[in-house]
Amino acid sequence: MHPFASYVLRSYYKATGWNEDNLYTNLTRSSDAILDFTVPKGLHLSVSKSPNALFKTTYSMNAMPSLNGSVGYIFSSCNLDVKSSGSTRFKDMIERFRVYDQPRRPEGKEEEWLAGQRVDTRDYLMYGRLYIPTGRLDALYSTRLLPTIQATVAAISDPPVAGKRADSSNIMFSLQHDVGKWCSEYTYSAEDGMLGLKVLHNFGRLGTSPIDDDSERGNRVGVKRIDEEDAVEGGLRGRISAGAEFYFSAKEKSAGVSTGFRFSTLPDATPPSFQLPSSSSSPLPVRTSPLPSPPTTITALFNPMLGHLSGAYSARTSRDLALSSRFDFNVYSYESELTMGAEWWLRRRPQDPEDGDPDEKTALPPLIHPDGNAANLGVVKARASTNNDVSLMWEGRLRNTLVSLGVVSDFSNRSKPIKAIGLELSYFDSE
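Summarised in this report is the structure supplied together with it.

About the cut-offs
- Residues numbered from 1 in each chain as written.
- Predicted model: local features only at pLDDT ≥ 70, side-chain atom pairs only at ≥ 80, totals over all residues.
- Heavy atoms only, no water.
- Helix = DSSP H or I, 4+ residues; strand = E, 2+ residues; numbered from the N terminus.
- Buried < 20%, exposed > 50% of the residue type's maximum accessible area, 1.4 Å probe, protein only.
- Areas by Shrake-Rupley, 256 points an atom, 1.4 Å probe, with all protein chains shown as cover.
- Phe/Tyr/Trp six-rings, centres within 6.5 Å; stacked < 30°, edge-to-face > 60°.
- Lys NZ or Arg CZ within 6 Å of the ring centre and 35° of its normal.
- Pairing = 2+ DSSP bridges.
- 1 Å grid on protein atoms, 1.4 Å probe; cavity = no way out; pocket = protein on both sides within 12 Å on 5 of 7 lines; lining within 4 Å.
- Points joined across faces, edges and corners; volume = space filled by probe spheres on them.
- Nonpolar A, V, L, I, M, F, W, Y, C, P; charged D, E, K, R; others polar.
- Salt bridge = Lys/Arg side-chain N within 4 Å of Asp/Glu carboxyl O.
- Contact = heavy atoms within 4.5 Å.
- Polar contact = N/O pair within 3.5 Å; in protein donor to acceptor, adjacent residues only side chain to side chain.
- Core = buried A, V, L, I, M, F, W, Y, C linked by side-chain atoms within 4.5 Å.

Side note on the overall build of the protein
- The number of helices and strands found in the protein is four helices and 21 strands.
- Classification of the 431 residues of the protein by burial places 39% in the buried group.
- A total accessible area of about 24400 Å² is found for the protein, and carbon and sulfur atoms account for 58% of it.

Brief notes about the packing of aromatic side chains
- Tallying each qualifying case throughout the model produces 10 aromatic pairs.
- With a centroid separation of 5.1 Å and an interplanar angle of 50°, the aromatic rings of Phe4 and Phe428 are classed as tilted. One end of the pair, Phe4, is in helix H1 (residues 4-16); the other, Phe428, is in strand E21 (residues 418-429), with 424 residues separating them in the sequence.
- Overall, Phe4 belongs to the buried group, its relative accessible area being 3%.
- Given a relative accessible area of 1%, Phe428 falls into the buried group.
- Over the aromatic face of Trp345 sits the side chain of Lys91, whose NZ or CZ is 5.2 Å from the ring centroid.
- Across the ring face of Tyr131, the terminal group of Arg136 is positioned such that the distance to the ring centre comes to 5.5 Å.

Observations regarding the environment of Pro147
- For Pro147, the location among the structural elements is in the loop between strand E7 (137-146) and strand E8 (149-157).
- A residue is classified by how much of its surface remains accessible, and Pro147, at 38% relative accessible area, is partly exposed.
- Linking Pro147 and Thr16, residues 131 residues apart in sequence, is a C-alpha distance of 9.2 Å.

Considering the pairing of strand E20 (residues 401-410)
- For E20, a buried count of seven out of 10 residues is recorded, marking the element as mostly surrounded by other parts of the structure.
- Pairing of strand E19 (residues 389-398) with E20 involves 10 bridges; the strand directions are antiparallel. By the bridge assignment, Leu398 is partnered in E20 with Thr401.
- In the sheet, E20 pairs with E21 via eight bridges, with the strands oriented antiparallel. When the sheet's bridge partners are listed, Gly406 is paired in E21 with Gly422.

Some points on empty space enclosed by the protein
- Counted by the stated rule, this structure contains one cavity of 30 Å³ or more.
- Taken together, 14 residues line the largest cavity, and the ones lying closest to its centre are Asp21, Tyr100, Asp101, Arg239 and Arg262.
- Split into classes, the residues belonging to the lining of the largest cavity amount to three nonpolar, six polar and five charged.

Things to note about the pattern of salt bridges
- All chains considered together, the criterion is met by 13 salt bridges.
- Salt-bridge contacts for Asp138 lead to Arg136; the nearest nitrogen and oxygen are separated by 3.0 Å.
- Residue classification places Asp138 among the buried residues on the basis of a relative accessible area of 12%.
- Since its relative accessible area comes to 29%, Arg136 is described here as partly exposed.
- With a closest N to O distance of 3.9 Å, Arg316 and Glu343 form a salt bridge. One end of the pair, Arg316, is in strand E15 (residues 308-316); the other, Glu343, is in strand E17 (residues 336-347), with 27 residues separating them in the sequence.
- If you follow the salt bridges from partner to partner, you end up with Arg10, Glu20, Asp21, Arg29 and Glu95 in one network.

Quick word on the environment of Tyr24
- Structurally, the position occupied by Tyr24 is in the loop between H1 and helix H2 (29-35).
- According to the relative accessible area criterion, Tyr24 is buried, its value standing at 9%.
- Separated by 159 residues in sequence, Tyr24 and Cys183 place their C-alpha atoms 7.9 Å apart.
- Once you skip the residues sitting within four places of it in the chain, Tyr24 turns out to touch Lys198, Val199, Leu200, Gly243, Ala244, Glu245, Ser258, Thr259, Gly260 and Leu301.
- A polar atom in the side chain of Tyr24 sits 3.2 Å from the side chain of Ser258.

Here we look at the side chain of Asp138
- By the secondary structure assignment, Asp138 is in strand E7.
- Polar side-chain contacts of Asp138 include one of 3.0 Å to the side chain of Arg136.
- Among all residues touching Asp138, those that are not within four sequence positions of it are Tyr127, Gly128, Arg129, Tyr131, Ala155 and Ile156.

What to know about the nonpolar core
- In this structure, Val8, Tyr12 and Leu125 are the most contacted members of the largest nonpolar core, which totals 23 residues.
- Mapped by element, the contributors of at least two residues to this core are H1 and strand E6 (124-132).
- Here this core takes seven residues from H1, the largest share from any one element.
- Contacts of Val8, omitting those with residues within four sequence positions, involve Lys56, Ile74, Leu80, Val82 and Leu125.
- Counting residues in hydrophobic clusters, the runner-up holds five residues, among them Ile34, Leu35, Val99 and Ala322.

Dropping the structure here:
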């Protein structure tokens, strides 16, 4: 489950039109949502408040296994559509399997002029969190320098404790340049003097704006194009993305490189004439059977310096079930690991008017949740690996509170097969 600060940051990216998915760092995001989900440990409580559209506060407490907490504050220059935990879209609060839309070139905010002078300012977000009783301080500042350039500064101040830990304070600078087809990221970490460069290239054409795409689609629904070929059964239509990462540490006098590849099916791989049947008055031929193209993501990563090779395959096999598998292999040590996972959405079945007393049959309204779809009871995630790591987690909503409950087990340890059990409760209000 996303912390409240992450939810606000994603809302900020959405409000400013920034695409955080078009980054090399998030190349394996779809499979990671199923295979690398984080199970809460102990008892974690979080309460947040949005007094207005610009300022937010958040408080959290860990009651088990040790007692500690934190206080955070968030301020943004633009109004953010942050809803309460009882009305926000549930899918926006969790990491889930998705096939992301085609990349688009970011668009800047509209210019505002007054008396012949431009008066609009660039958007920014500031975030700070203080941990108690350790005294650790986290800070984040993000701003848009240009429509295609975003700068971020993140800092950690963790005071040393005599005999326990050394000073681990650090500050990191990041500059992201996204033009849709290309996206590059430049990073610098002051702790070890590490410089990094990440590049991602998307093959194929860019996506159009949602308004233009919808209007064009509305004009073409139900009509077969002159140049549209017949569907070929048994194929996947999608796009390819490839990227690389280079980094160098001045302190360690070492360098590294990694490369990655991703294939994703299109979010809507169905030609216009497959989407809806046309009216009988249309003189052009139509087809109503959908293409057999399930949402699928295939990724591969290779680090030649460490000899690490990883390949993952993820697909949504039905409306409520997504499966993923990943194989990791080291060409130097010959160590390998196979991880498999599943994501299953639990939905509430609408009441059938045919059931029950015939005298009490009434026309029931459809059960609709603010998510926009039929109300769901949450999502169950499970993963298992050849390292005897088995994890199970349920995420859902109880009344106005978001709940996450999970367990991590190791069946190879007969004396202690259950490694951790955790419960996380999150409540926030925007009024």
